Structure formats: C-alpha cells, structure tokens
Amino acid sequence: MPPENDPGLPDAPAPADEPTRVPLKIEDWLTVLIMAALALITFANVLVRYFTDSSFAWTEEFSVFLMILLAMVAGSAAVARDRHIRIEYFSEAGSMARRRRLAQFGALMVALLFFLIAALSLRVVWDDFRFEETSPGIGVPQWWYSIWLPIVCTAIGLRAVGLFIRRGRTVQE
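Residues numbered from 1 in each chain as written. Predicted model: local features only at pLDDT ≥ 70, side-chain atom pairs only at ≥ 80, totals over all residues. Heavy atoms only, no water.

Trainee: In this structure, what is going on with the pattern of salt bridges? I would like to understand it.
Mentor: Once their charged atoms are close, side chains differing in charge can pair, the charge on each being opposite to the other. Under the defined criterion, the tally for this structure stands at ten salt bridges. A salt bridge links D17 to R83, with the shortest nitrogen-to-oxygen separation between them at 4.0 Å. In this pair, D17 is assigned in the segment before α1 (25-52) and R83 in the loop between α2 (58-80) and α3 (88-91), connecting sequence segments 66 residues apart. Of the residues examined, D17 reaches a relative accessible area of 37% and is grouped as partly exposed. Within the structure, one salt-bridge network assembled from shared partners comprises E18, D82, R86, R166 and R167. (Salt bridge = Lys/Arg side-chain N within 4 Å of Asp/Glu carboxyl O. Helix = DSSP H or I, 4+ residues; strand = E, 2+ residues; numbered from the N terminus. Buried < 20%, exposed > 50% of the residue type's maximum accessible area, 1.4 Å probe, protein only.)

Trainee: It is not clear to me how the side chain of S63 should be interpreted in this structure. Could you clarify?
Mentor: By secondary structure assignment, the location of S63 is in helix α2. A polar contact of 2.7 Å, which involves the side chain of S63, links it to the backbone oxygen of T59. Beyond its immediate sequence surroundings of up to four residues, S63 is in contact with L38 and I41. (Polar contact = N/O pair within 3.5 Å; in protein donor to acceptor, adjacent residues only side chain to side chain. Contact = heavy atoms within 4.5 Å.)

So, to be careful, I would describe these as geometric facts and stop short of saying anything about function.
See below:
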C-alpha cells in the first residue's frame, strides 16, 4: 500500500484557497449554519417523537429545503475553489496552457449553465407568487422556498465568472 493511502498516517493539510474578491468564508459559514439548523431540527423532531409518539409536521419539508440549499451553497464553494466535478483524464492531460484553457472553458460553461438556471427559475418563482402556490406539507407560500434557487444559481454563476477571470490571469502570467 502506498504511504499516502496508509490509514495510520494523518491526512495531508488541505491546500490554501486562492484569493478571491468575495471571501469564501461566506459559503463556509452558510454551510455551517445550514448544517446546524438541520441537526437542531432533526434532534428536536427525534425528542418530540420519543416523548409524544408524534412528530413536527414541518420538519420534513423544511429539512428537504435546507438539504437542497446546502447542496447549492456547497456547489458555490466547490466552483469558487475549482473543485467541481470534471473528468480529470481530459482536464489534467496535455500542456499547462491546454489545462488552463480547459479550466477556463469549464468555468465558462458552469457560469452559462447556472445563469440560465437562474433566469429560468425566476419564472417559477413568479408563478409561485402569482398563483399563490402553497407548500404541500405546511401550507406556507411556495415562493419562500423557490426564491432561493435563482439567488444561489446567480451566486454560483458569479463564482464561475470569478474562476474564469482568475484562470485567465494565470494564462497571461
């Protein structure tokens, strides 16, 4: 077994984040807060179930919303740190200039995708608001949940644009 895969060795320290104009601590703290909220909601529901043989009706709906929001916020952090999913066979092959161009292309495609999702999801939010849709579980306005999709998709798109710019700067240097 190679030494880097030895379970007895401590993990290597994570590489330092690249400097960004908008601090990455935003996504980090949002992740912590969302995870804490999920843990508290779940723990409260377990206690209520244990002592009363019933549960809070709102916890499942709100937990699903928080898990989706958590995935989106974590996706934003992954894009900003250039740790999003890619096929490394292609992205790590070839010259340094080719790798940088592929990194820029990937960042551009991520930005386009998430800006498109943000634009299209605005219609969903508007329809939820206009038709006064309510959530199936607890009956709150559905737009309370759907409004976050275009917001976070725009944030991911902006993080991808920032990554595109940073990769462009490294190509010129």
